[in-house]
2 protein chains.
Amino acid sequence: MVGEKLRGLIQLLSKFPGLGPRSARRIALYLLSHRSKVLKPLMAYLDDVNLRYKYCSVCHYLDEEDPCGLCRSKTRDSTTLCIVACIGDVWALERASFFKGYYHILGGLISLSHGKNPEDLNIETLKNRLSIGISEVVVALDSTLDGQSTLHYLIQDVFPLYPHIKVSSLARGLPMGGELESLDQATLMSAFWGRREVNSALFSNTTSWSDFEKGK
Amino acid sequence: MVGEKLRGLIQLLSKFPGLGPRSARRIALYLLSHRSKVLKPLMAYLDDVNLRYKYCSVCHYLDEEDPCGLCRSKTRDSTTLCIVACIGDVWALERASFFKGYYHILGGLISLSHGKNPEDLNIETLKNRLSIGISEVVVALDSTLDGQSTLHYLIQDVFPLYPHIKVSSLARGLPMGGELESLDQATLMSAFWGRREVNSALFSNTTSWSDFEKGK
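These figures come from a predicted structure and were not determined experimentally. (Residues numbered from 1 in each chain as written. Chains lettered and ligands numbered in written order. Predicted model: local features only at pLDDT ≥ 70, side-chain atom pairs only at ≥ 80, totals over all residues. Heavy atoms only, no water.)

A. Local environment of the pattern of salt bridges. Tallied over the full model, the rule gives twelve salt bridges over all chains. In this structure, A:Lys127 and A:Glu124 form a salt bridge, with 4.0 Å as the shortest nitrogen-oxygen distance. Of the two residues, A:Lys127 and A:Glu124 are both situated in helix H6 (residues 123-130); the distance of three residues between them amounts to about one turn of the helix. Counted as one network, the salt bridges with shared partners bring together A:Lys5, B:Asp48, B:Arg52 and B:Glu64. (Salt bridge = Lys/Arg side-chain N within 4 Å of Asp/Glu carboxyl O. Helix = DSSP H or I, 4+ residues; strand = E, 2+ residues; numbered from the N terminus.)

B. The interface of chain B and chain A, seen in detail. On the side of chain A, 50 residues touch chain B, which itself brings 50 residues to the contact. Looking only at chain B, the three residues that lose the most surface to chain A are B:Met1, B:Lys5 and B:Trp91, adding up to 15% of its buried area. Applying the counting criterion to the chain B and chain A interface returns two salt bridges. Residue B:Asp48 is joined to A:Lys5 by a salt bridge in which the shortest nitrogen-to-oxygen separation is 3.2 Å. Our count for the contact surface shared by chain B and chain A stands at ten residue pairs in polar contact (both at pLDDT 80 or more). A total of 15 residues in the side of chain B that touches chain A trace back to one element, the largest contributor, which is helix H3 (residues 35-52) of chain B. Of the residues in the side of chain B that touches chain A, the class split is 29 nonpolar, six polar and 15 charged. (Contact = heavy atoms within 4.5 Å. Buried area = accessible area lost by both parts, 1.4 Å probe. Polar contact = N/O pair within 3.5 Å; in protein donor to acceptor, adjacent residues only side chain to side chain. Nonpolar A, V, L, I, M, F, W, Y, C, P; charged D, E, K, R; others polar.)

C. Up close: the relation of the copies chain B and chain A. The transform that puts chain B on chain A rotates by 180° and translates by 0.0 Å along the axis, for an RMSD of 0.1 Å. Expressed as a symmetry operation, the mapping of one chain copy onto the other fits a two-fold axis. Residue B:Met43 of chain B places its C-alpha closer to the rotation axis than any other residue of that unit, at 3.1 Å. Same-surface contact between copies: 100% of interface residues of chain B are shared with the interface of chain A. (Least-squares fit on C-alpha atoms with pLDDT ≥ 70 in both.)

D. Structural context of helix H3 (residues 35-52) of chain A. Compared with the 26 Å implied by 1.5 Å per residue over 18 residues, the 24 Å span of H3(A) between its first and last C-alpha is a close match. Within the sequence span of H3(A), burial applies to A:Arg35, A:Val38, A:Leu39, A:Leu42, A:Met43, A:Leu46, A:Asp48, A:Val49 and A:Asn50. (Expected span 1.5 Å × (residues − 1). Buried < 20%, exposed > 50% of the residue type's maximum accessible area, 1.4 Å probe, protein only.)

E. Local environment of the sheet that holds strand S5 (residues 136-139) of chain B. Residues and elements named next belong to chain B. One open sheet accounts for four strands, arranged S4-S3-S5-S6; its pairing is parallel. Both outer strands of the open sheet, strand S4 (102-105) and strand S6 (166-169), are each paired with one neighbouring strand and no more. Direction aside, the axes of adjacent strands within the sheet are offset by 25° on average. Sheet topology note: the strand S3 (residues 80-84)/S5 ladder contains four bridges and is parallel. What sits directly across from Cys82, in S5, is Val138. Relative to the sheet, helix H5 (residues 87-96) contacts S3 and S4, its axis offset from that of S4 by approximately 155°. (Pairing = 2+ DSSP bridges. Axes fitted to C-alpha atoms, helices over the stretch in contact; angles between N-to-C directions.)

F. Structural detail: the UniProt feature "zinc finger region: C4-type" (unreviewed entry) in chain A. In this numbering, the UniProt entry assigns the feature "zinc finger region: C4-type" (unreviewed entry) to residues 56-71 of chain A. Helix makes up 19% of residues 56-71 of chain A and strand 12%. Its end C-alpha atoms lie 8 Å apart. (UniProt positions renumbered as here; feature names shortened; annotations may be inferred.)

G. Spotlight on the packing of helix H1 (residues 4-14) of chain B against helix H2 (residues 21-33) of chain B. Residue and element names in this part refer to chain B. Contact pair H1 / H2: the axes reach a minimum separation of 8 Å and the direction vectors enclose 125°. If you check the angle between H1 and H2, you find them oblique. The way H1 lies across H2 gives a crossing that is right-handed. Across the interface between the two elements, Leu6, Leu9, Ile10, Leu13 and Ser14 of H1 pack against Pro21, Ala24, Arg25, Ile27, Ala28 and Leu32 of H2. Tallied by class, the residues present in the contact of H1 with H2 amount to nine nonpolar, one polar and one charged. (Parallel < 35°, antiparallel > 145°, perpendicular 65-115°, else oblique. Left-handed = near helix turned anticlockwise from the far one by under 90°.)

H. Seen up close, the environment of B:His34. Residues and elements named next belong to chain B. The residue His34 is located in the loop between H2 and H3 in this model. Residue classification places His34 among the partly exposed positions, given a relative accessible area of 35%. Separated by 17 residues in the primary sequence, His34 and Pro17 place their C-alpha atoms 23 Å from one another.

I. Here's a closer look at a nonpolar patch on the surface. On the surface, A:Leu174, A:Leu180 and A:Leu188 cluster together into a nonpolar patch covering about 260 Å² of accessible area. By the secondary structure assignment, A:Leu174 is in the loop between strand S6 (166-169) and helix H8 (185-193). (Patch = residues over 30% accessible without salt bridge, like charges linked within 9 Å, V, L, I, M, F, W, Y side chains within 5 Å. Areas by Shrake-Rupley, 256 points an atom, 1.4 Å probe, with all protein chains shown as cover.)

J. Summary view of the state of the cysteines. Under the counting rule described, the total for this entry stands at zero disulfides over all chains. The thiol sulfur of A:Cys71 is not disulfide-bonded, and the nearest other cysteine sulfur, from A:Cys59, lies at 3.5 Å. (Disulfide = S-S within 2.5 Å.)

K. Representation of the pairing of S6(A) in the model. Looking at chain direction, strand S5 (residues 136-139) of chain A and S6(A) are connected through four bridges and run parallel. Within the sheet, the bridge partner assigned to A:Val139 lies in S6(A) and is A:Ser169.

L. The arrangement of the domain arrangement of chain A in detail. Each domain of chain A was delimited in the assignment, giving domain 1 (4-52) and domain 2 (62-170). Measuring from the centre of the C-alpha atoms in domain 1 of chain A to the corresponding centre in domain 2 of chain A gives 33 Å. (Domains from an automatic or database assignment.)

M. Local environment of the UniProt feature "domain: Toprim" (unreviewed entry) in chain A. Residues given the UniProt feature "domain: Toprim" (unreviewed entry) here are residues 79-175 of chain A. What you have in residues 79-175 of chain A is 33% helix and 20% strand, and the ends, taken at the C-alpha atoms, are 29 Å apart.

N. Broad picture of the environment of A:Val49. Secondary-structure assignment places A:Val49 in helix H3. Residue A:Val49 is classed as buried on the basis of its relative accessible area of 0%. Between the alpha carbons of A:Val49 and A:Asp63 there is a distance of 9.3 Å; along the sequence they are 14 residues apart. When residues no more than four places from it in sequence are discounted, the contact partners of A:Val49 are B:Lys5, B:Leu6, B:Leu9, B:Leu32, B:Arg35 and B:Leu39.

O. Seen up close, the side chain of B:Lys5. Relative to the helices and strands, B:Lys5 is located in helix H1. When its relative accessible area of 19% is taken as the criterion, B:Lys5 is described as buried.

P. Here's a closer look at the nonpolar core. Counting 78 residues, the largest nonpolar core has A:Leu6, A:Phe16, A:Tyr61, B:Leu6, B:Phe16 and B:Tyr61 as the members making the most contacts within it. If we ignore the near neighbours within four places in the chain, the residues touching A:Tyr61 are A:Lys54, A:Tyr55, A:Cys56, A:Cys68, A:Leu70, A:Ile87, A:Val90, A:Trp91, A:Ile105, B:Met1 and B:Val2. (Core = buried A, V, L, I, M, F, W, Y, C linked by side-chain atoms within 4.5 Å.)

Written as structure tokens, this is what we have:
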């Protein structure tokens, strides 16, 4: 009823991240009903990005040039390197725009379940970079089993080769707006273990509770 | 940071039905990281469906041939026509596979908010079909404001021209598995108004409650 080619398109779309058979059918119909405004521009974009975008040989980011725009930047702090799993992680950090060092993209995480080993990650290029000029590394990996395995591997097998480099990993704790009551036990434990001393100086500009009560 | 072409692709994807900026970014990265297995097959499929699929001149379904496979079928009941808004509705009905008549796709619904008028729908071809051989019409439109407006228009302006045709519309009521407590008022009212007399003959093959109690 649907036809071979359209069925093929729907099957391909349904395997996209976040999509299923239902959304794939909707998108296929959307494409076929908006040929000049959506389908043809999509074809042109796909052709363009396929031809233009290449992986950066330094950090493994995707860009039209090699080294990529991030690696070519002169305004970033060349002594600090942030290790992430994938390009989406770079985008997330760049959207938050507080980190001003360089990135290194591992191209995935070590995963027993997906059969992904250290050899499958961009470790050699990481070692090359760590051996020159880097004084601080921030490991920014997912707080998952695979993220932890990868962090463990880096701590055991990679960072000991560069004892002068200061290494840190992202803090674990309450997400912004997180409520204790609905928090999972692991996060609650991490938040408790990682508790910070409250420095009264941090609050010196704010009204104290007693002042607030007086003012009422 | 993302580059013009990739940004364009993400923006286009983010307007797809059911997608947003987040899922569009994920899909764009998925495409670029799986070029031979996903991006290139996708380009080939898009090219193919764009070239091959045309609207059926009879029922306005999308198919590689005109008239479409559904209209060319000899096994369907040629006296019954089901009127739907779009191709996705045909797919939904065909998946359920209980209706064996032919379809007519209006190509949308009358909508004040979207400025869609009867002239924008496939009404002329519908009239041509109703004037020959059709004895029953089932209107299968969404239970929404636009669906109701379109049904109203058909009842007022189209069906009176063919007084010999029996017209019906989909029943309104409890969805399968629906719980009274969580049902909206309008559905509850429709279900109440459309209540059916319970025919004991329907249950003659099942064990009555008293028999069931005795058997325990």
